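# Summary of structural features
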Amino acid sequence: MGIREKINNVVEPRRENKYSRSYDLIMLIAIAIGIYPLMFRNQYKLFWYFDIISGVCFIVDYILRWVTCDFRMKKNKWYSFALYPFTPMAIIDLLSILPTLNLLTPIFKVARVSRLLKILRIIKVIRYFEPLEIILSVIRKQRVILLTVLSLALFYIFITAMIMFNAEEDINPETGKYLFDNFFDAFYWAACTLTTVGYGDLYPISDTGRVISIISSMVGIAIIALPSGIMTAGYMDELKIRREGQKMKKKKSEE
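Residues numbered from 1 in each chain as written. Predicted model: local features only at pLDDT ≥ 70, side-chain atom pairs only at ≥ 80, totals over all residues. Heavy atoms only, no water.

Glancing now at the overall build of the protein chain. Scanning the protein chain from terminus to terminus reveals twelve helices and zero strands. Listing the helices and strands of the protein chain from first to last along the sequence gives α-α-α-α-α-α-α-α-α-α-α-α. By residue count, 33% of the 255 residues in the protein chain fall in the buried class. Of the contacts formed within the protein chain by residues at least 6 apart in sequence, a portion of 61% connects residues at least 24 apart. (Helix = DSSP H or I, 4+ residues; strand = E, 2+ residues; numbered from the N terminus. Buried < 20%, exposed > 50% of the residue type's maximum accessible area, 1.4 Å probe, protein only. Contact = heavy atoms within 4.5 Å.)

This is the structure in structure tokens:
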């Protein structure tokens with residue numbers, strides 16, 4: 001096994017490899033200290049060190065992934081090295097590094113953009129945190145069903161908003177205008193009702209509007225429950241598949 005293959009086995013999340021698990025932990029810590037300063041308005045000296053440490057980790061990680069990308073992309077070596085910087089996660093990795101360059105040289109100094117780019121570091125957690133990675137895998141596999149449920153929810157919101165917009169014609173005594181002054185207000189109310197959020201800033205005051213609201217809330221519970229069941233079943237199936245895969249790998253290594 002060559003040195004690049006060994007590096008690839010470390011940087012790629014592998015639960016059976018203790019060095020890979022340790023690498024994942026280091027990167028998760030780097031991400032955590034990299035986004036920690038975003039929780040404060042005032043920037044302290046300690047945060048500068050946090051940014052430098054996390055930035056160095058991101059730069060090293062980016063380089064290691066680039067020099068071993070042919071093992072993961074399974075394409076012609078030259079083609080893999082040329083294509084890798086344009087893959088979605090590589091772009092996110094590169095954008096996560098830019099705030100560190102902002103610290104090292106004033107050329108990259110754009111304060112607002114720098115803080116926004118640091119938020120992208122949260123996306124890197126997906127690569128090192130297995131539960132999130134599993135959820136994304138489930139979403140990819142169940143995307144057709146989930147898109148169908150989403151379409152159903154949007155259609156129901158639109159229909160409910162249309163009914164409420166035309167049924168609720170009472171005047172709001174506080175503003176002197178219609179309770180739902182435009183269709184977007186009704187759409188916003190329907191979305192909040194469907195998801196059972198209930199902010200309380202918009203609500204029907206007529207008996208007809210309240211009846212519609214009751215029906216919408218009851219149906220909303222059923223529609224919202226659909227993706228929860230799909231995700232739970234898919235998550236359990238994905239865990240089962242991964243465990244069986246790990247058992248097969250373990251048997252092959254023992255043989």
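Next, the rest of the story.
Here we take up helix α10 (residues 143-167). Taking 1.5 Å per residue, 25 residues should reach 36 Å; α10 reaches 35 Å between its end C-alpha atoms and fits that length. Within α10, the full set of buried residues consists of L146, V149, A153, Y156, I157, T160, A161 and M164. (Expected span 1.5 Å × (residues − 1).)

On to the pattern of salt bridges. One side chain can pair with another of opposite charge once the charged atoms of both are near each other. Counted under the stated rule, the structure contains seven salt bridges. Among the ionic pairs, E12 bridges to R65, the shortest N-O distance being 2.7 Å. Taken together, the residues span a long stretch of sequence, with E12 in the loop between α1 (3-11) and α2 (18-35) and R65 in helix α3 (residues 45-67) at a distance of 53 residues. By sharing partners, the salt bridges in this structure join E12, D61, R65, D93 and K124 into a single network. (Salt bridge = Lys/Arg side-chain N within 4 Å of Asp/Glu carboxyl O.)

The next subject is the nonpolar core. Judged by nonpolar contacts, the single largest core of 15 residues is most densely connected at Y23, M27, I31, F58, Y84 and Y128. If you list the elements that add at least two residues to this core, you get α2, α3, α4 (69-73), α6 (88-104) and α8 (125-128). When residues of this core are assigned to their parent elements, the largest contribution, four residues, is made by α2. Aside from chain neighbours lying at most four places away, what touches Y23 is V10, V11, D61, L64 and Y128. Counting 14 residues, the second-largest nonpolar core is a separate cluster that includes M164, F180, A186 and W189. (Core = buried A, V, L, I, M, F, W, Y, C linked by side-chain atoms within 4.5 Å.)

Where α2 meets α3, the axes come as close as 8 Å, and the angle between the chain directions of the two elements is 135 degrees. Considering their axes alone, α2 and α3 lie oblique with respect to each other. For the pair α2 and α3, the sense of crossing is left-handed. Contact residues: α2 offers Y23, M27, A30, I31, I33 and G34, while α3 offers F50, D51, I53, S54, C57, F58, D61 and L64. (Axes fitted to C-alpha atoms, helices over the stretch in contact; angles between N-to-C directions. Parallel < 35°, antiparallel > 145°, perpendicular 65-115°, else oblique. Left-handed = near helix turned anticlockwise from the far one by under 90°.)

Under the definition given, this model contains 13 aromatic pairs. Pairing F40 with F47 gives two aromatic rings, centres 5.3 Å apart and planes at 40 degrees, and the pair type is tilted. Residue F47 is classed as buried on the basis of its relative accessible area, which comes to 4%. Ring centres of F158 and F183 lie 5.7 Å apart, and the angle between their planes is 65 degrees; this geometry places the pair in the edge-to-face category. On the criterion of sequence distance, the pair formed by F158 in helix α10 and F183 in helix α11 (residues 183-194) is long-range, its members being 25 residues apart. For F158, a relative accessible area of 36% translates into the label partly exposed. (Phe/Tyr/Trp six-rings, centres within 6.5 Å; stacked < 30°, edge-to-face > 60°.)

The geometry of α10 relative to α11 is characterised by a closest axis approach of 8 Å and an angle of 125 degrees between their N-to-C directions. Taken together, the axis directions place α10 and α11 in an arrangement best described as oblique. The hand of the α10/α11 crossing is right-handed. On α11, the residues touching A153, Y156, I157, F158, T160, A161, M162, M164 and F165 of α10 are F183, A186, F187, W189, A190, A191 and L194.

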